[in-house]
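Understanding the architecture of this molecule
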2 protein chains.
Amino acid sequence: MTAPAPLDFHFDFISPYGYFASLRIEDLAARHGRTVRWHPMLLGVSVMKVMGLKPLLDTPLKGPYTERDVLRYAREHRVPMQRQPADPVMQPLACARAMAWVAAHQPQRAAEVAHRMYAAYWGQGLDLSTPQSLAPVLGAELAEAAAGEDAARLLRAEVDAALAAGIFGSPTVVVDGEPFWGIDKFEQIERWLATGGW
Amino acid sequence: MTAPAPLDFHFDFISPYGYFASLRIEDLAARHGRTVRWHPMLLGVSVMKVMGLKPLLDTPLKGPYTERDVLRYAREHRVPMQRQPADPVMQPLACARAMAWVAAHQPQRAAEVAHRMYAAYWGQGLDLSTPQSLAPVLGAELAEAAAGEDAARLLRAEVDAALAAGIFGSPTVVVDGEPFWGIDKFEQIERWLATGGW
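Residues numbered from 1 in each chain as written. Chains lettered and ligands numbered in written order. Predicted model: local features only at pLDDT ≥ 70, side-chain atom pairs only at ≥ 80, totals over all residues.

1. With respect to the overall build of chain A
Note the threshold: By definition, any uninterrupted DSSP run of H or I lasting at least four residues is a helix, any uninterrupted run of E lasting at least two residues is a strand, and each is numbered from the N terminus. This radius of gyration counts C-alpha atoms alone. The globule rule is 2.2 Å times how many residues there are, raised to the power 0.38. Residue burial is a threshold on neighbouring C-beta atoms within 10 Å of the residue's own C-beta, all placed from the backbone, with 20 or more meaning buried, 12 or fewer meaning exposed, and counts in between meaning partly exposed. Each residue gets a C-beta atom placed from its backbone, and two residues are in contact if those atoms lie within 7 Å.
Looking only at helices and strands, chain A has 10 helices and 4 strands in total. Helices and strands in chain A line up, N terminus first, as β-α-α-β-α-α-α-α-α-α-α-β-β-α. Radius of gyration (C-alpha) of chain A: 16 Å, near the 16 Å computed for a compact globule of 198 residues. Dimensions of chain A, computed from the C-alpha atoms along their principal axes, are close to 45 × 40 × 35 Å. Looking at chain A as a whole, 41% of its 198 residues qualify as buried. For chain A, the share of sequence-separated contacts (at least 6 apart) that also reach a separation of at least 24 residues comes to 69%.

Structural data, given as structure tokens:
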């Protein structure tokens, strides 16, 4: 018997729902004998360029609702969050490139690196918009890698692959080819994993 | 002690997620000693006019995902569905007006009437786009009421009130003033009702 395939976890660092999901995805996977592959994505490409939508928080009606929903989730699950959903959005390229580099070259560190960046950005409200700003959080080696062409190329490949697979939102969890979009899907993913799907 | 307030259930008949939610909302409410108030809404007003978005199924990437997600939900919960998510969208005014009229004048029949229209449209794939087409489903009296000015006025009031309350999506459940959008929120609504909120 071969081991079951990892769960593919797609997320953008600017997404509070991606942050929330990052705190649950490993436990979810482990309960079903799975591991996690960490995939940075860019909502600025999928949502704004390809789908032609405004950012969530700038959409009438949906913006205020989303702010309320994010804060409600954080309270329920006691998630540390110094940054507010309505705060100015960070340029996520440095984080996403660091993530793409780690996922490719040091996959055993991917989870730790994702958690460090999410905790620093959403949990502590730090600015991580430049490779230099990553050094105190991830160390000098990774901060330098995030500034390099290899990381940029790896991220472009991730972004292209996600779009080709129809993935547009953060978080998206892909289970054996089946995509589930949104933190609110975790209960259904759990049932899918437990039953083998339907 | 006064009785706890009803749950306000907002839905559009063209919304498959509204259909799915309509099949669970009464049980959810009853488990927590609540009743349900049924509120027709028009996604064509909230999503397209106010929010400036394309219909869900016409949005790149999100369209194909939504189709898959709807069919997956219907399979999991064994919901009858002769109409496909990608089928042409019905003009929902007749249904929404009938619903607004019943909710105002015969509220004890509101649940039954909502179920009849959803079952006919999504379950059996019938066309309900005109008041006449409602007669076999709801009877002549209601079909006639749906064609009248009173029903049109009542629906406009519902649509205005929903927008004023920031409600944009179908289904939306409002619990003591707290809005929850989406069928995927039902587990969280259950926890909110069980705990009194957080």
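2. Re the relation of the copies chain A and chain B
Heads up, the rule is: In this comparison the copies share one frame, found by least squares on the C-alpha atoms of residues holding pLDDT of at least 70 in both.
You can overlay chain A on chain B at an RMSD of 0.0 Å; the transform is a turn of 180° with a shift of 0.0 Å along its axis. Read as a symmetry element, the transformation amounts to a two-fold axis. Considering only C-alpha atoms, the residue of chain A closest to the rotation axis is Asp184 of chain A, which sits at 2.8 Å. When the interface residues of chain A are mapped onto chain B, 100% of them again lie at the interface, so the same face is used by both copies.

3. Looking at the interface of chain A and chain B
For clarity, the cut-off: Put simply, Ala, Val, Leu, Ile, Met, Phe, Trp, Tyr, Cys and Pro go in the nonpolar bin, Asp, Glu, Lys and Arg in the charged bin, and everything else, Gly too, in the polar bin.
Opposite the 21 residues of chain A that make contact, chain B presents 21 residues. Those elements that place two or more of their residues in the side of chain A that touches chain B are helix 3 (43–50), helix 4 (62–77) and strand 4 (178–181) of chain A. Of the residues assigned to the side of chain A that touches chain B, the class counts are 11 nonpolar, 4 polar and 6 charged.

4. Observations concerning the nonpolar core
This is how it is decided: We define the nonpolar core as any set of buried residues of the types Ala, Val, Leu, Ile, Met, Phe, Trp, Tyr and Cys, connected via C-beta atoms lying within 7 Å of each other.
With 112 residues, the main nonpolar core has Ala98, Met99, Val113 and Met117 of chain A together with Ala98, Met99 and Met117 of chain B as its most contacted residues. Contacts of Met117 of chain B, omitting those with residues within four sequence positions, involve Phe13, Cys95, Leu128 and Val137 of chain B.

5. Notes on the sheet that holds strand 1 (residues 7–11) of chain B
Sheet strands pair by backbone hydrogen bonding; their relative direction is either parallel or antiparallel. Residues and elements named next belong to chain B. The following threshold applies: What makes two strands pair is DSSP finding at least two bridges between them. Axis lines are fitted through C-alpha atoms, for helices just across the contact stretch, and the angle between N-to-C directions can take any value from 0 to 180 degrees.
With respect to topology, 4 strands assemble into an open sheet ordered 2-1-3-4, the strand pairing being mixed. Sheet topology places strand 2 (36–40) and strand 4 (178–181) at the edges, where each strand pairs with a single neighbour. Between one strand axis and the next, the sheet turns through 20° on average, direction left out of account. By the bridge criterion, 3 bridges tie strand 1 to strand 3 (residues 172–175) in an arrangement that is antiparallel. Among the inter-strand pairings, Phe9 is bridged to a residue of strand 3, identified as Val173.

6. So, the pairing of strand 4 of chain B
All names here are of chain B. Pairing between strand 3 and strand 4: 4 bridges, direction antiparallel. By the bridge assignment for strand 4, Thr172 is matched with Trp181. The turn linking strand 3 back onto strand 4 is made up of 2 residues, and Asp176 within it adopts a positive phi angle of 50°.

7. As for helix 7 (residues 131–138) of chain A
Residue and element names in this part refer to chain A. Quick reminder of the rule: For this quantity, the arc is that covered by the directions from the helix axis to the C-beta atoms.
Three or more residues of helix 7 are buried, namely Pro131, Leu134 and Leu138. Down the axis of helix 7, the smallest arc covering the buried residues is 45°, so these residues share one side. Check the buried side of helix 7 and you find it contacts helix 5 (93–105), helix 6 (110–123) and helix 8 (140–146). After helix 7 finishes, the residue Gly139 shows a positive phi value of roughly 95°.

8. Focus: the sheet that holds strand 4 of chain A
Residues and elements named next belong to chain A. Strand order across the open sheet formed by 4 strands is 2-1-3-4, with mixed pairing between neighbours. Unpaired on one side and paired on the other, strand 2 (36–40) and strand 4 mark the two borders of the sheet. Direction aside, the axes of adjacent strands within the sheet are offset by 20° on average.

9. Overview of the environment of Asp127 of chain A
Residues and elements named next belong to chain A. Along the chain, Asp127 falls in the loop between helix 6 and helix 7. A tally of 12 C-beta atoms within 10 Å means that Asp127 is categorised as exposed. C-alpha of Asp127 to C-alpha of Ala146: the two residues are 19 residues apart in sequence and 15 Å apart in space. When neighbours within four sequence positions are excluded, Asp127 is seen to be in contact with Met90 and Ser133.

10. Section: helix 9 (residues 149–164) of chain B
All names here are of chain B. Our working definition: Take the residue count of a helix, subtract one, and multiply by 1.5 Å to get its expected span.
The terminal C-alpha atoms of helix 9, which comprises 16 residues, lie 22 Å apart, in line with the 22 Å expected from a rise of 1.5 Å per residue. Every buried residue of helix 9 is accounted for by Ala151, Leu154, Leu155, Glu158, Val159 and Ala162. Take helix 9 and look down its axis: the buried residues cluster within an arc of 140°, on one side only. Structural note: helix 9 exposes Glu149, Ala157, Asp160 and Ala164 on the side pointing more than 90 degrees away from its buried face. Buried-residue contacts for helix 9 involve strand 1, strand 2, helix 3 (43–50), helix 5 (93–105) and helix 8 (140–146).

This is a description of form; function is not addressed.
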